[in-house]
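Okay, here's what each chain looks like letter by letter:
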Amino acid sequence: MVSKGEFKKKAALSRRQFLKLSAAGGGSLAVSSGLGGILLARSAPVFAQGNTNLVAAVGAEPPSLDPQAIEQRIPQMITWNIYEPLIDRDDQGRTIPWLAESWEQIDNTTTRFKLREGISFHNGEAFNADAAVFSVNRIVAPELASQWIGVVGTIKNATKVDDMTIDIETHDVDPILLGRLTALAMMAPGWTQEVGDEVSSTTNGTGAYKLRNWHRNVQVELESNEDYWGGAPSIKSATLRIIGEDSTRFQSVKTGEIDIYLGPLPDHLPELPKFEAPLAQEFSMVRLSNLEGSPVADRRIRQAMNYAVDKELILQQLHAGLGTVSPGQLSAPGMFGYNPNLAPYPFDLDQAKSLLAEAGAEGLEIDYVAPKGRYAGDAILNQAIAEMLEQAGLKVNLNLLDPQSWVRFGDRNQTPVPPSCWYLVHSNSLFDADRTVSSYYTDESPFSAYHNDEIRTLFEAGRVELDLAEREKIYHRVFELGREDPPAIFMLQLVDLWALTERTQFKPRPDGRFILRTMSL
Amino acid sequence: MTTELASDDVTQARFVNVRYKDLYKLLRTLFHDPFSTTAAIILIVLVIIAIAAPVLSPFDPTAQSLLRRLTPPAWVEGGSEANLLGTDLLGRDMLSRIIYGTRMSLMIGVVVVVVAGIIGTIIGMLAGYLGGRFDAIAMRFIDFQTAIPYFLLAMTIMAAIGPGARNLIIVLSLGSWVIFARLARGTMLSIRHAVYIEAARVTGGSEYWILVRHALPNLTSTIVTLATLELSRAILTEAGLSFLGLGVQPPNSAWGLMVAEGHDYISTANWLSTFPGLMVMITTLSINVFATWLRKATDPVQRGRM
Amino acid sequence: MLRLLLKRTVHSFFLITAVVSVVFLTTFVIGDPVRALLPAETPEEIVEQYREERGFNRPVLIQYVDYMSHAFVGDFGDSWWQRTPALPIALRPLPATFQLGIFAMTLAISLGIPIGVYAGMKPGSWADRLATVTSLLGVSMPLIWLCPMLAFIFAVTLGLLPTAGYGSWQHMVLPTIALAALPLGRIVQITRASIIDELVKQYVTTARAKGLPNRRVLVQHVLRNALLPVITVSGWEFVLVVSGYTIIVEAVFGWPGVGWMLFSAIRIRDVPLLAATAFVIAVVVVVINFAIDILYIIVNPLIRYE
């Protein structure tokens, strides 16, 4: 159609055209890369290192920095460096005086606290009885809808006695008031009222650090409070970078770009420069329902399920051997009420099968609800557990749900007929059996699916028993009974995994708090 | 999305009468093109794998073995021949999971295309034939739906009604039928125009019968080509949704799901993500190559150039 | 022209309404919105009281109207997660998405058009082969495979770039390449096809027959005409980039843009945030469509021959 000569000419011109187009293209590429670079430069986070600046990585943006409203792990990593409670814990987990110097019991439900003198908030407001009373009353007020209410809800109110003394009154006798107070951050009344809604994005505490900057979705910057009443900390500044991807955090700690992050994958441990894995007050378990009508109401079935799961194998393979198998109770040495005489359920598939046969439960169909994305490796773990239960002869309908839906299934207010199995990790920040027992060994909490009359009676007694030895005996008995009539498949006591660089010195506390002033580089 | 230019649908319809002799000629053209032949063979293999999964799979895809978890593929140090493509986080055999994943993806894709194809074609044909109000409403609705950012809505709807294969099929079909409808309508309009003229000349003879006799053969070739493209799009969307956790759920095997499970292990166990992802790539690529050939082959104008 | 813009405005209004409505409807299926706002241990009476106070007991239709009227002024309520207004939270990651999106589209266009043009003008050449391969790969490419592969090759194996994250130009490279892949394939395909279509048109043959001395002028007109559909398709691809592809790319590379925000909102079931983010994306889609329309009108009158 087209002659060769013309074709050549056409080609030559289109080559020129091609070059022109490419030049234009290359030009716009250059321009937008410049623009892109400028845009990025403006938002580039600080990578500064040096011996006094710590860089940590967290997996998500904190929703709020209001220390009394939100109870999540990541915001707490920030707020407990800025705000402080009346009572704190030492490195053994025991309660120690902090912003409260001393206390005495006035009557069954009232305790009088003497506050430490000479402390002020970062904005200059004095820390005194007004501030303490304000803080206590704020957190229990229904308007705040505090996520801490489960921990501090037993507190009725606080009243001022004099400038540095307050009375805290609880609704009922409360043997673990001190433990609860470790969760109550002291806030400045004047400032809090002044800033209104900004309380979630600005801070004003008594702690060793102040908020320097919050670069949304990028990082939170803290700087040391040189006037801190406990002495200026050694780490002068800290940056908490928001890195959503675990693989990035992993790589960054290997290159030293970040110094520390919480929750590396157990499979990554061999490649980390350093890690700390203290036991945490966290107990993984598969809550079982023994309420009327539950397929697993017969205790032999629940015992069988405890025999069927090979917890040692799971501990070794999915948790890198870090942690311990729960000894037939949701408690551990160091927690009040722990019964040292109970042994864990061993892995015994034959025993499991024979118990199931005894109860006529071979081939029994059960519902198993577990979260995916709520805890590290939860989807994988629960598939493993479900498989083990199937090996024993049960037919498991595994339902892996997003965290919101999963919570709904565990809450009897929303799901009146609880599923046979519901996986969760019980977190006991109070180091006391009361919380555990009330949540899972009785049907008091909406999150329990268990009832046992004998335990119930013991529990009520333990609640009001002020003699420590007696109280301990009560809880021993509760856990003993609970092992034989299991409210759950007792799984593991978990560890807090921290990935560190060589230079980072960090001895994590048993309560898992990220306290910068105790760290050094 | 079809790969046609957004020009007049009417002119896209071609008049083709497919007879057996043509079918043979069609296949001949296929064999002349090595790329398309390869693609066709791959597709046939995939279909065989999907159908014969229980027979071909070396292991039960749900069989766990915690002691054998994260075994690399056989040719890597630490791998074993028992698990050719390695094992996953729970010690399940990768090859078996991929085979069953083939079954899952193809099944979902085919069902979506069939459902959306039938519904879309019928509505489109009706719109083209009936014209008037029905056509106007249908066209507006179709235009409108194609403008909506579909993946976004699919994610939201799947999150709300609950993930899983059945809901996935419903949601994907809802997204796909409009494409078929538009094409069917366009073809119908052009045929109807021609048939009207023809029928005006011919006395007697049911208009319906003429429409059917002319409509179906014409539609078949274009619809089939479109169906293959929509199949590839359905598989891609399903993989994306499963990857985000909004599609097929564990413990079922689906490629997107497997890629997600391997997400954190890119540096230490990349086979978890690489192989299933590769399967998606191979499948969609083969479908698209095949569809390109199919379009050229069934288009008489283009066929001349082959 | 005014009529077109008016039509486009109405269309946009309905589009945004549809998107927000779908999200509203899913609220009712997703679960108790009141429960999601309060801590888990809240007793039933307080929940009921809250429900009454916030108007969750009113009939659905009234709630819908109320909801939509607020939505159109940008009031989506407070995010359940952060407890502050949802729309500002949804807007914050937008610049990050644009960084990637604009860069990716520029890459796709500046590579795609030259390749497509050259391929169209010289069928059978190396450019034609490249174009075919690129476009096929581009349209079949599963992002769930491409993204981990890029990360694996360039970050893990070669160690040149980070696997994921945000903060320096190195973090931007891989997501941009991934995001550009599909548009590149589509743009190459459409440019090539468009050039081919143009070249067989009447005026080209006429011009050639006349022996038009200034070949460049001819080529310029061919180019200008051929690029019209390319503009449209590029616009569509940009829409797909910000409303679809970016969701997966941001999820894999941990890039904090609107796609990632949408996915996070879905994951944590934060309905106000989800609605606000979907709204933001819908508005972006609408704006881009508007821009394409205007661009098209501007370029169109410059055509001399047809």
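What chain B contains, in helices and strands, is 12 helices and zero strands. Along chain B, helices (α) and strands (β) appear in the sequence α-α-α-α-α-α-α-α-α-α-α-α when read from the amino end. Within chain B, the proportion of its 306 residues that are buried is 50%.

Turning our eyes to something else, we now look at the overall build of chain C. Of regular secondary structure, chain C possesses 13 helices and zero strands. Counted from the first residue to the last, chain C has its helices and strands arranged as α-α-α-α-α-α-α-α-α-α-α-α-α. Residues counted as buried form 48% of the 306 residues belonging to chain C. Restricting to contacts in chain C with at least 6 residues of sequence separation, those with at least 24 account for 75%.

Either a parallel or an antiparallel arrangement is found when strands of a sheet pair, and the pairing is made through backbone hydrogen bonds. Residue and element names in this part refer to chain A. Here we have four strands laid out as an open sheet, ordered β4-β5-β7-β6, and antiparallel in their pairing. A single partner strand is all that each edge strand has here, and the edge strands are β4 (100-107) and β6 (155-162). Averaged over all pairs of adjacent strands, the angle between their axes in this sheet comes to 25 degrees, without regard to strand direction. By the bridge criterion, six bridges tie β6 to strand β7 (residues 165-170) in an arrangement that is antiparallel. Bridged to Asn157 within β7 is Glu169.

This next bit is on the pairing of strand β15 (residues 365-371) of chain A. Residue and element names in this part refer to chain A. Among the seven residues of β15, five are classified as buried, and the element is accordingly described as predominantly covered. In this structure, β15 lies alongside strand β16 (residues 395-401), joined through seven bridges in parallel fashion. By the bridge assignment for β16, Glu365 is matched with Lys395. Viewed along the sheet, the connection from β15 through helix α11 (residues 378-391) into β16 turns out right-handed. Here β15 runs beside strand β17 (residues 421-427); their pairing, made up of two bridges, is parallel. Note that in β17 the partner of Val369 across the bridge is Trp422.

Moving on: the environment of Leu46(B). All names here are of chain B. By the element assignment, Leu46 lies in helix α3 (residues 34-51). Separated by 66 residues in the primary sequence, Leu46 and Val112 have C-alpha atoms spaced 17 Å apart. Those residues in contact with Leu46 that lie beyond four places of it in its chain are Thr102, Leu106 and Thr283.

Take the confidence of the model for chain C next. Per-chain confidence: chain C averages 84 in pLDDT, with 90% of residues scoring 70 or above. This prediction of the complex comes with two scores: 0.85 for pTM and 0.86 for ipTM.

What follows covers the nonpolar core. If you look at the biggest cluster of nonpolar residues, it comprises 177 residues, and the most contacted ones within it are Cys147(C) and Ala278(C). For this core, the element with the most residues is helix α11 (residues 215-253) of chain C, which contributes 18 residues.

At their nearest, the axes of helix α11 (residues 271-298) of chain B and helix α8 (residues 143-157) of chain C sit 8 Å apart, and the two run at 135 degrees to each other. Classified by the angle between their axes, α11(B) and α8(C) sit oblique to one another. The two elements α11(B) and α8(C) cross, and the hand of that crossing is left-handed. Here Ser273(B), Thr274(B), Gly277(B), Leu278(B), Val280(B) and Met281(B) of α11(B) come into contact with α8(C), specifically with Ile144(C), Trp145(C), Pro148(C) and Met149(C).

Attention now goes to the sheet that holds strand β13 (residues 279-288) of chain A. Residues and elements named next belong to chain A. Pairing is mixed across the open sheet formed by six strands, whose spatial order is β14-β18-β13-β17-β15-β16. Single-partner strands in this sheet number two, and they are β14 (324-325) and β16. Where β13 and β17 come together, seven bridges link them in antiparallel fashion. Across the sheet, Ser284 pairs through a bridge with Val425, a residue of β17.

Contact with chain B, which involves 37 residues of that partner, is made by 39 residues of chain C. Elements supplying a minimum of two residues to the side of chain B that touches chain C: α6 (132-147), α7 (150-161), α9 (207-243), α10 (255-261) and α11 of chain B. In terms of residue count, the dominant contributor to the side of chain B that touches chain C is α11(B) (10 residues). When its residues are assigned to classes, the side of chain B that touches chain C shows 25 nonpolar, 12 polar and no charged.

Here we come to unusual backbone geometry. Note: most peptide bonds trans; most residues except glycine with negative phi. Omega for the bond connecting Pro250(B) with Pro251(B) falls within 30 degrees of zero, at 0 degrees, which places this linkage in the cis form. In this structure, Asn217(A) is a non-glycine residue whose phi angle is positive, near 65 degrees. By the element assignment, Asn217(A) lies in the loop between β8 (209-215) and β9 (219-224). Assessed through the 19 C-beta atoms surrounding it within 10 Å, Asn217(A) is described here as partly exposed. Here the phi dihedral of Ala320(A) falls at roughly 55 degrees; this positive angle occurs in a residue that is not glycine. Tracing the backbone shows Ala320(A) in the loop between α9 (311-318) and β14.

The subject of this paragraph is the pairing of β4(A). All names here are of chain A. Relative to strand β5 (residues 110-115), β4 is paired through six bridges, and the arrangement is antiparallel. Paired with Asp107 across the two strands is Thr110, which belongs to β5. A loop of two residues connects β4 with β5, the two strands running antiparallel in sequence.

Residue and element names in this part refer to chain A. Burial analysis of helix α13 (residues 433-441) places eight of its nine residues in the buried class, which makes it a mostly covered element. Taken residue by residue, α13 has Ala433, Asp434, Arg435, Thr436, Val437, Ser439, Tyr440 and Tyr441 as its buried positions. The elements touched by buried residues of α13 are β13, β17, α14 (453-464), α15 (468-484) and β18 (488-495).

A few words on the environment of Ile266(B). Along the chain, the position of Ile266(B) falls in the loop between α10 and α11. In this structure Ile266(B) comes out as buried when scored by C-beta crowding, with 25 C-beta atoms within 10 Å. Residues Ile266(B) and Thr37(B), spaced 229 residues apart in sequence, show a C-alpha to C-alpha distance of 34 Å. With sequence-adjacent residues up to four places away left out, Ile266(B) is seen in contact with Ser247(A), Ser273(B), Pro148(C), Ala151(C), Phe152(C), Val156(C) and Thr163(C).

On to the packing of helix α5 (residues 94-130) of chain B against α11(B). Residues and elements named next belong to chain B. Contact pair α5 / α11: the axes reach a minimum separation of 11 Å and the direction vectors enclose 30 degrees. Considering their axes alone, α5 and α11 lie roughly parallel with respect to each other. Where α5 crosses over α11, the handedness of that crossing is right-handed. Contacts from Met94, Ile98, Gly101 and Thr102 of α5 reach α11 at Trp271, Phe275, Pro276 and Met279. Residue composition of the contact of α5 with α11, grouped by class: six nonpolar, two polar and no charged.

Before going further, it helps to spend a moment on the confidence of the model for chain B. Residues and elements named next belong to chain B. Confidence in the prediction for chain B averages 83 pLDDT; 83% of positions are at 70 or higher. For chain B, per-element mean pLDDT is lowest for helix α1 (residues 9-12), which scores 40, and highest for α10, which scores 94. Here residues 1-18 is modelled with pLDDT under 50, and outside its nearest four sequence neighbours on either side it reaches 37 contacts, counting other chains as well.

Let us now look at the environment of Leu143(C). All names here are of chain C. Of note, Leu143 is situated in helix α8. For the pair Leu143 and Thr163, spaced 20 residues apart in sequence, the C-alpha separation works out to 15 Å. Excluding residues within four positions of it along the chain, Leu143 makes contact with Ala178, Tyr245, Ile248 and Val249.

Calculation criteria
Residues numbered from 1 in each chain as written. Chains lettered and ligands numbered in written order. Predicted model: local features only at pLDDT ≥ 70, side-chain atom pairs only at ≥ 80, totals over all residues. Helix = DSSP H or I, 4+ residues; strand = E, 2+ residues; numbered from the N terminus. Buried ≥ 20, exposed ≤ 12 C-beta atoms within 10 Å, placed from the backbone. Contact = placed C-beta atoms within 7 Å. Pairing = 2+ DSSP bridges. Axes fitted to C-alpha atoms, helices over the stretch in contact; angles between N-to-C directions. Right-handed = clockwise from strand over helix to strand, strands pointing away. pLDDT = per-residue confidence, 0-100. Core = buried A, V, L, I, M, F, W, Y, C linked by C-beta atoms within 7 Å. Parallel < 35°, antiparallel > 145°, perpendicular 65-115°, else oblique. Left-handed = near helix turned anticlockwise from the far one by under 90°. Nonpolar A, V, L, I, M, F, W, Y, C, P; charged D, E, K, R; others polar.

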